[in-house]
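# Examination of the molecular architecture
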Amino acid sequence: QVQLVESRGGLVQVGGSLRLSCVASTRTSLYNLGWFRQAPGKEREFVAGITWRDGSTSYSDSVKGRFTISRDNAKNTVYLEMNSLKFEDTAVYYCAAKWLRSSTYDYWGQGTQVTVSS
């Protein structure tokens with residue numbers, strides 16, 4: 001069982017930046033890690049992912065070029081650097097992990113609120 005704990009989100013102005021972190025209770029070197037978000041009234045959506053094998057990254061079109069996912073296996077931590085934030089980035093953000101042979105994300109954090117305002 002893997003427990004994931006996200007850092008506190010926060011309130012940030014449009015155009016601002018925020019970095020989220022997520023610490024796992026176990027070594028993450030064999031897990032693919034990702035960030036998802038859920039806005040009010042919407043389904044949870046994929047934001048970014050990073051592989052266990054070579055650290056390859058993927059992003060949703062809505063955040064590509066603005067968000068950066070990274071990982072530090074020595075600290076069992078995954079990060080999401082968010083820049084040029086927009087109103088529509090307001091959501092609860094979740095980190096997630098899936099073991100290297102799993103096809104779905106099996107473990108989820110509790111979520112952290114990010115609110116972008118003017």
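The preceding data block contains the structure.
The sections below set out a description of the structure shown in this document. (Residues numbered from 1 in each chain as written. Predicted model: local features only at pLDDT ≥ 70, side-chain atom pairs only at ≥ 80, totals over all residues. Heavy atoms only, no water.)

## Some thoughts on the pairing of strand β4 (residues 31–38)
In regular strands, side chains alternate between the two faces of the sheet. Within β4, seven of the eight residues are buried, leaving the element largely enclosed by the surrounding structure. Where β4 lies against strand β9 (residues 91–99), eight bridges are found, and the strand directions are antiparallel. The residue bridging G34 from the neighbouring strand is A96, located in β9. The sheet contact formed by β4 and strand β5 (residues 45–50) spans five bridges and is antiparallel. Looking at the pairing, G34 lines up with G49 of β5. Adjacent in sequence and paired antiparallel, β4 and β5 are bridged by six residues, among which G41 carries a positive phi angle near 80 degrees. (Buried < 20%, exposed > 50% of the residue type's maximum accessible area, 1.4 Å probe, protein only. Helix = DSSP H or I, 4+ residues; strand = E, 2+ residues; numbered from the N terminus. Pairing = 2+ DSSP bridges.)

## Quick notes on the side chain of D89
Take D89: it is sitting in the loop between β8 (77–82) and β9. A polar atom in the side chain of D89 sits 2.7 Å from the backbone nitrogen of K86. D89 has contacts with R37, R66, F67, S84, V114 and V116, leaving out every residue within four places of it along the chain. (Polar contact = N/O pair within 3.5 Å; in protein donor to acceptor, adjacent residues only side chain to side chain. Contact = heavy atoms within 4.5 Å.)

## A word on the pattern of salt bridges
Considering all chains together, one arrives at four salt bridges under this definition. Between D61 and K64 there is a salt bridge, with the nearest N and O atoms lying 3.3 Å from each other. For D61, a relative accessible area of 68% puts it in the exposed group. Several salt bridges share partner residues, and in doing so they unite R37, E45, R66 and D89 into one network. (Salt bridge = Lys/Arg side-chain N within 4 Å of Asp/Glu carboxyl O.)

## What about the nonpolar core?
In terms of nonpolar packing, the biggest core is built from 28 residues, with W35, L80, M82 and Y93 touching the most fellow members. In this structure, M82 is in contact with G16, S17, L18, L20, R66, F67, Y93 and V114, ignoring residues within four places of it in sequence. (Core = buried A, V, L, I, M, F, W, Y, C linked by side-chain atoms within 4.5 Å.)

## Quick word on the packing of aromatic side chains
As enumerated under the stated definition, the model contains five aromatic pairs in all. Look at F36 and F46: their rings are 5.6 Å apart centre to centre, the planes differ by 80 degrees, and that puts the pair in the edge-to-face class. Of this pair, F36 sits in strand β4 while F46 is found in strand β5, placing the two residues 10 residues apart along the sequence. For F36, a relative accessible area of 10% puts it in the buried group. Taken together, the ring pairs connect F36, F46, Y105 and W108 into an aromatic cluster. Stacked on the ring of Y94, the Lys or Arg R44 has its end atom at 5.2 Å from the ring centre. When the ring centre of Y105 is taken as origin, the NZ or CZ atom of K98, which lies over that ring, is 4.8 Å away. (Phe/Tyr/Trp six-rings, centres within 6.5 Å; stacked < 30°, edge-to-face > 60°. Lys NZ or Arg CZ within 6 Å of the ring centre and 35° of its normal.)

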